[in-house]
Each structure stands twice: as structure tokens, then as C-alpha cells.
Amino acid sequence: MKYPDTLPAWLAYVERLHHRPVDLALDRVHAVAQRLGLALPGTKIVVGGTNGKGSTCAMLDAILRSAGYRVGRYGSPHLLRFNERALIDGQAASDAALMAQFEAVERARAATTLTYFEFTTLAVLGWFARERIDVAVLEIGLGGRLDAVNIIDADCAVVTTIDLDHTELLGPTREHIGLEKAHIFRPGRPAICVDPDPPQSLIEHARRIGAQLWRIGREFSVEALADPQAPRQWNYLGMHADRLALPWPALRGMHQLRNAGGALAAIEALASRLPVDQQAVRRGLSSVQLPGRFQVVPGRPLFVLDVAHNPHAAQALAQALASHRVLGKLPGRTYAVFGMLRDKDVRAVVQALSQEVDRWFLVPTAGERGQEAGALEKTGFADIEPQCRARHESVAAALTSATAQAQPDDRIVVFGSFVIVADALRWLERRSR
């Protein structure tokens, strides 16, 4: 066959390969990986969970790179460009590098069909293998047990928080979902759990397979320091070693302290093969960046971008907004540009933010799982006064309206979906030209 000659053409081709966009199974992706002879060098860290996966991966990446390791980081979804999903030493993969790996996967798969995520995961892993990285930090896409990333045997696995999301695929309760996520653990290897109240199913699975389970609040913990002489510092208290008076992670929000603790627990568990000194930890925590996670765009009014799209993430966003200060004071009114996919719990998300948002600007989301602004309003806004909400045809229209209404000391929060935040980033980019 004649292969596509651009990365967008490859991605469009890959999207059409399989009859279902999500088809959780490992047999097909295992078969193609074997034909590719795929073998990742170095140390493998796999991170799963409902919320906090991306932040944990970003902190691991930043700390390990600060320690001098060559790190490959894989995550999904992306905001603006597919290349954001695959980074080595903080640099996104080039179109040419990805296209070469797409061609290799296409040759190896023969008659085997792969989903978009399966195909692209194999391509990114192939790039990491070719580049001979020291450490691979790999984010689970959905669930864990049957996710394509789980073909990699983790030297250390991290599960962040566990909450109800994708219940139609992972099960109706936290116990069901916890078991799915626990399957990234491996026998005899460190298994880090950052959820302070993990499902019993996760604990029992770890014990059943003989994983070395480290739980936050038990084998390791974090504590914020209230010393006025040392503001915004915290301690990591580990199984074998502590790290004291650390700088607050550059990613905003109290919940990021738990994610940072999970990252440091993984680093402690792997200390014999990946030694990391205190200065590397400090540099990594201070420099870590991850777009769309309480990302503050300065200005008057300022913008806050967050991909929160389920109740647990919305609660974390609400806490971050409640404590967020601008020039030493709380901002004025908060305007929310908000859209969600139709298979998400809109009502619970709106309830979580209702005390922090003064006015809602409702927008549609595109795609097969998309939702019109009218349906969004009907689903989740029965308890919000009509004068406090309005529908708009696009994110751009909503942002234009919110900006016109906001005073200099107000803030505009954009959240509810990766695609909504991506549209906001494009609008902000055009606005700044």
C-alpha cells in the first residue's frame, strides 16, 4: 500500500482501522508487539488511576530528568497536537519520527485491526525503544487490566485516585474499577497507591499476586508545613527515607501534594536502580509543567484552564479555586466556560463547582460522545438560577462574551473536557497575536 505522507493523514487512517473506537483487550496489541519485537530498555514506570495520572507522570519526568536520566513520557489525550503524547527529555516527538513508527506498526499488524489508541501506543513505544531511553514513564489510557499500555511489565506501578468514571466499561462501583486499575501491578514489584481510601479489591489483588504494596498514609505520607518562616513547603515521609522541606509542586492545587508523594514513593522504591538526589527532586518539583491542570494564564481578567471532567476532579478544582489568590487577594467574580461529554456526570460536576462559580457560559462538545449546550443545561443546571447561565454556540463565543462581562479583578475558568480546554488555548493564542 501507499502510506500516508503526513502525520494528520496517518492519524485519520488509523482512526478508521477498527470497528470500535474503544475495544478493551490485549490479544491484538500483544500479537502486533511480538511481530515488532518490541522491547523497551531501561526502567518502566506505569501510572494509572482516575485522576492525577498526568500530573504524576509529569512530576516523575521532571524529577528524573533533573537527575540526569533520559526519560520518555507517554500520556493521553493531547490538547493541541498529537505529538504532545510522546516526549523524550521534555521534547515532543517530531512528525517524521512518529510516521516512521506508524509505518512499522502498519507493516507488522498485517490483517490484525487495532484501535487508534492501540496503534498509536505501539508506535510511541517503538520510538522509545529506538531512542534507548533510561526510563519510560507510561500513563494508562483507560482502566488498566486491558489497556494497551499494560503490555509493558512495570518495574514500578502507581495508582492515583480511584473514582467513578467510564463505568460502562470498567464497572459500576469503585470496587470494580479499583480491581481493573490494580492489574497494572506486577508480582514482587513496587505497587504505589495514592488513593487515601483504596478499594478493598485493589488491596486484595496486590496481596494475591505478591506485589509490594505501598499505600499513602501507611508506608509513605505527605505533610504540608505550616511554618510562616518556610511558606509553601512540605515533607515526604517514606518507607526507608524522608525528604524534608521540599518546595511545593509547580502544579497548583492541594491535591497535587498527594500526586507528588506518589511520584516520590516510586522514586524511593526504585532507588537502587535510579538514585535521585535531593536537589534533583527540588528542581523537578519547581519546574514541572502540565498544560490544562489549573493552568493560570495571567492577565486582567485572568484565565484558569483545567481539564476536570468528573466529580472527583471537579471537587479538586473547586478547592483550588477557593484558595486561589491573585496579587495576594481572592479574585472577584468567577465566570465558567463549561462543556462536557454526554457520558459524564454533569450534575455532580456542577454541584461540586456551584459555590465557586458566579455565572456559567455553556458550550457544546463535538464528536461521537459530544453534547449540545441545551442538553448540558437540561441535565445539570436545574438548581442554577436561569439568570446565572447562558448557552453559547462555541467556546470562542463563550470566551468573547465572558471577557466582555468580566471586570479586571475577575477570573474566567474553562473546564469540563480536554476538547473544551484545547479550544480555549486556540482562542487565547489567536487573541494574543
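Remember, it's a predicted structure, so these values are computed and weren't measured experimentally. (Residues numbered from 1 in each chain as written. Predicted model: local features only at pLDDT ≥ 70, side-chain atom pairs only at ≥ 80, totals over all residues. Heavy atoms only, no water.)

**Quick look at the overall build of the protein**
Regarding its fold elements, the protein presents 15 helices and 17 strands. Computed over the C-alpha atoms, the radius of gyration of the protein is 22 Å, within 12% of the 22 Å expected from 2.2 N^0.38 for a compact globule of 433 residues. Dimensions of the protein along its principal axes, counting C-alpha atoms only, are 60 × 60 × 45 Å. For the protein, the proportion of contacts with a sequence separation of at least 24, taken over those separated by at least 6, is 72%. (Helix = DSSP H or I, 4+ residues; strand = E, 2+ residues; numbered from the N terminus. Rg over C-alpha atoms; globule rule 2.2 N^0.38 Å. Contact = heavy atoms within 4.5 Å.)

**Quick word on the sheet that holds strand E11 (residues 242-247)**
Taken in spatial order, the three strands line up as E9-E10-E11 in an open sheet, and their pairing is antiparallel. The two strands at the open ends of the sheet, each matched to only one other strand, are strand E9 (221-224) and E11. Strand-to-strand, the axes of this sheet are offset by a mean angle of 20°, without reference to chain direction. Most of the contacts of helix H9 (residues 255-269) go to strand E10 (residues 233-237), to which it runs at about 40°, and overall it touches E9, E10 and E11. Sheet strands in contact with helix H10 (residues 278-287) are E10 and E11, and its direction is about 40° off that of E11. (Pairing = 2+ DSSP bridges. Axes fitted to C-alpha atoms, helices over the stretch in contact; angles between N-to-C directions.)

**A look at unusual backbone geometry**
Cis geometry marks the peptide bond from Ser76 to Pro77; its omega dihedral reads -10°. Mapping Pro77 onto the fold places it in the loop between strand E2 (71-74) and strand E3 (86-88). That bond from Arg300 to Pro301 is cis: its omega, 0°, falls within 30 degrees of zero. Note that Pro301 resides in the loop between strand E12 (295-297) and strand E13 (302-306). Here Arg132, not a glycine, exhibits a phi torsion of approximately 55°, which is positive. Within the chain, Phe294 stands out as a residue other than glycine whose phi angle is a positive 45°. Assignment of secondary structure puts Phe294 in the loop between H10 and E12. The class of Phe294 is buried, set by a relative accessible area of 4%. (Buried < 20%, exposed > 50% of the residue type's maximum accessible area, 1.4 Å probe, protein only.)

**Looking at the pattern of salt bridges**
Here the idea is simple: oppositely charged side chains can pair when their charged atoms come close. With the rule as written, the count across this model stands at 19 salt bridges. Residue Glu131 pairs with Arg130 through a salt bridge whose shortest N-O separation is 2.9 Å. Note that Asp153 is salt-bridged to Arg186, the shortest N-O span being 2.6 Å. With Asp153 in the loop between strand E5 (135-139) and strand E6 (156-159) and Arg186 in the loop between helix H7 (174-182) and strand E7 (190-193), this residue pair connects regions lying 33 residues apart in the sequence. Using a relative accessible area of 44% as the deciding quantity, one classes Asp153 as partly exposed. We classify Arg186 as buried; its relative accessible area is 12%. The network of salt bridges with common partners includes Arg70, Asp89, Arg130 and Glu131. (Salt bridge = Lys/Arg side-chain N within 4 Å of Asp/Glu carboxyl O.)

**So, the nonpolar core**
Phe128, Leu138, Phe185 and Leu202 are the most contacted members of the largest nonpolar core, which has 59 residues in total. With ten residues, the single largest contributor to this core is helix H5 (residues 116-131). Among the nonpolar cores identified, the runner-up in size contains 40 residues, and Ala62, Ile63, Val71 and Leu285 belong to it. (Core = buried A, V, L, I, M, F, W, Y, C linked by side-chain atoms within 4.5 Å.)

**A few points about helix H2 (residues 27-36)**
Those residues of H2 lying buried are Arg28, Val29, Val32 and Ala33. Looking straight down H2, one finds that the buried residues subtend no more than 130° of arc, so they occupy a single side. In H2, those exposed residues whose orientation departs by more than 90 degrees from the buried face are Asp27 and Gln34. Its buried side turned inward, H2 meets helix H4 (95-109) and H5. One or two steps after H2, the chain reaches Gly37, where phi turns positive at roughly 65°. (Arc of directions from axis to C-beta.)

**A short note on the packing of helix H3 (residues 53-66) against H9**
Packing of H3 against H9 leaves a shortest axis separation of 9 Å and a crossing angle of 50°. Taken together, the axes of H3 and H9 are oblique relative to one another. Both H3 and H9 take part in a crossing whose hand is right-handed. For the pair H3 and H9, the contacting residues are Ser55, Thr56, Met59, Leu60 and Ile63 in the first and Gln256, Asn259, Ala260, Ala263, Leu264, Ala266 and Ile267 in the second. Per-class residue counts for the contact of H3 with H9 are eight nonpolar, four polar and no charged. (Parallel < 35°, antiparallel > 145°, perpendicular 65-115°, else oblique. Left-handed = near helix turned anticlockwise from the far one by under 90°. Nonpolar A, V, L, I, M, F, W, Y, C, P; charged D, E, K, R; others polar.)

**Side note on the packing of H7 against helix H8 (residues 200-209)**
Look at H7 against H8: their axes get within 7 Å of each other, and the N-to-C directions meet at 30°. Once H7 is placed against H8, the crossing between them reads as right-handed. Here Arg174, Glu175, Gly178, Leu179 and Ala182 of H7 come into contact with H8, specifically with Gln200, Ser201, Leu202, His205 and Arg208. Considering only residue class, the contact of H7 with H8 consists of three nonpolar, four polar and three charged.

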